[in-house]
Amino acid sequence: MACRHFTAEEEAQIVQWANSDMSRGEIARRLERKPSSIWNCIARLRAQGIAIKAGSRHAPRPKGVGNAPWNLRIQPTQRRCLCCQKAFLSEGAHNRLCVTCRGKSVDCFSAPARVMR
């Protein structure tokens, strides 16, 4: 499917409907577009300085907030850094190095191994 750009008339209609608290789904249905394209158009119009009322349903979400269940389950967990062994709050299973070790330019795993006697 080819990219179909919004006309100036469609953009004006989107601003009017969004400011009247019409849902993205309803705007998309009326313009025969996808709700995601309406969301992107609203975001682009906002970036251009076009006022879409802040109290509207189309206000941008705070970063990291969504309606997906995995966003609700993420909670910091105490883990040990794989490099220095200090305890730190990890953002998830992917986060195994503390902030200090993550910022090092030297790879903490390439240091010569200590021989235990």
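The structure under discussion appears in the preceding block.
This structure is a prediction, so every number in the text was calculated from the model and none was measured. (Residues numbered from 1 in each chain as written. Predicted model: local features only at pLDDT ≥ 70, side-chain atom pairs only at ≥ 80, totals over all residues. Heavy atoms only, no water.)

Points about the nonpolar core
By size, the foremost hydrophobic cluster in this structure holds 14 residues, and its most contacted members are I14, I27, L31, I38 and I42. Of all the elements in the fold, those that place two or more residues in this core are α1 (8-19), α2 (24-31) and α3 (35-47). In this structure L31 touches R4, E10, I14, W17 and I38, once residues within four positions along its chain are discounted. (Core = buried A, V, L, I, M, F, W, Y, C linked by side-chain atoms within 4.5 Å. Buried < 20%, exposed > 50% of the residue type's maximum accessible area, 1.4 Å probe, protein only. Helix = DSSP H or I, 4+ residues; strand = E, 2+ residues; numbered from the N terminus. Contact = heavy atoms within 4.5 Å.)

Here's the deal with the pairing of strand β2 (residues 87-90)
In regular strands, side chains alternate between the two faces of the sheet. Alignment of strand β1 (residues 77-80) against β2, held across 4 bridges, turns out to be antiparallel. Counted as the bridge partner of R79 is F88 from β2. Between β1 and β2, which pair antiparallel in sequence order, lie 6 residues; one of them, Q85, sits at a positive phi of approximately 70°. (Pairing = 2+ DSSP bridges.)

A closer look at the pattern of salt bridges
Per the counting criterion, the structure on display carries 4 salt bridges. The partner of E10 in a salt bridge is R33, and the shortest N-O contact between them spans 3.1 Å. Of the two residues, E10 sits in helix α1 while R33 sits in the loop between α2 and α3, which places them 23 residues apart along the sequence. Just as E10 is buried, R33 falls in that class too. Across the pair E26 and R29 runs a salt bridge whose closest N-O atoms are separated by 2.5 Å. Here R29 and E26 lie together in helix α2, a separation of 3 residues that amounts to about one turn. Assessed through its relative accessible area of 22%, E26 is described here as partly exposed. Residue classification places R29 among the exposed positions, given a relative accessible area of 54%. (Salt bridge = Lys/Arg side-chain N within 4 Å of Asp/Glu carboxyl O.)

Some thoughts on the state of the cysteines
All chains considered together, the criterion is met by 0 disulfides. Unpaired in this structure, C84 has its nearest cysteine sulfur neighbour in C101, at a distance of 3.7 Å. (Disulfide = S-S within 2.5 Å.)

Remarks on the packing of aromatic side chains
In the structure shown here, the tally under the stated rule is 0 aromatic pairs. Just above the ring of W17 sits the side chain of R30; from NZ or CZ to the centre is 5.2 Å. Its end group placed over the ring of F6, R33 keeps NZ or CZ at 4.0 Å from the ring centre. (Phe/Tyr/Trp six-rings, centres within 6.5 Å; stacked < 30°, edge-to-face > 60°. Lys NZ or Arg CZ within 6 Å of the ring centre and 35° of its normal.)

Regarding the side chain of R79
One can find R79 in strand β1. Within polar-contact distance, the side chain of R79 engages the side chain of S90 at 3.0 Å. If we ignore the near neighbours within four places in the chain, the residues touching R79 are K86, A87, F88, S90, G92, A93, N95 and R96. (Polar contact = N/O pair within 3.5 Å; in protein donor to acceptor, adjacent residues only side chain to side chain.)

What to know about the packing of α1 against α2
Helices that pack against each other are described as a pair by the angle of their axes relative to one another and the distance between those axes. Two elements in contact, α1 and α2, have axes whose closest approach is 10 Å; the angle formed by their N-to-C orientations is 150°. By the criterion of interaxial angle, the relationship of α1 to α2 is roughly antiparallel. The chirality of how α1 crosses α2 is right-handed. On α2, the residues that touch E10, I14, W17 and A18 of α1 are I27, R30 and L31. Its residues assigned to classes, the contact of α1 with α2 comprises 5 nonpolar, no polar and 2 charged. (Axes fitted to C-alpha atoms, helices over the stretch in contact; angles between N-to-C directions. Parallel < 35°, antiparallel > 145°, perpendicular 65-115°, else oblique. Left-handed = near helix turned anticlockwise from the far one by under 90°. Nonpolar A, V, L, I, M, F, W, Y, C, P; charged D, E, K, R; others polar.)

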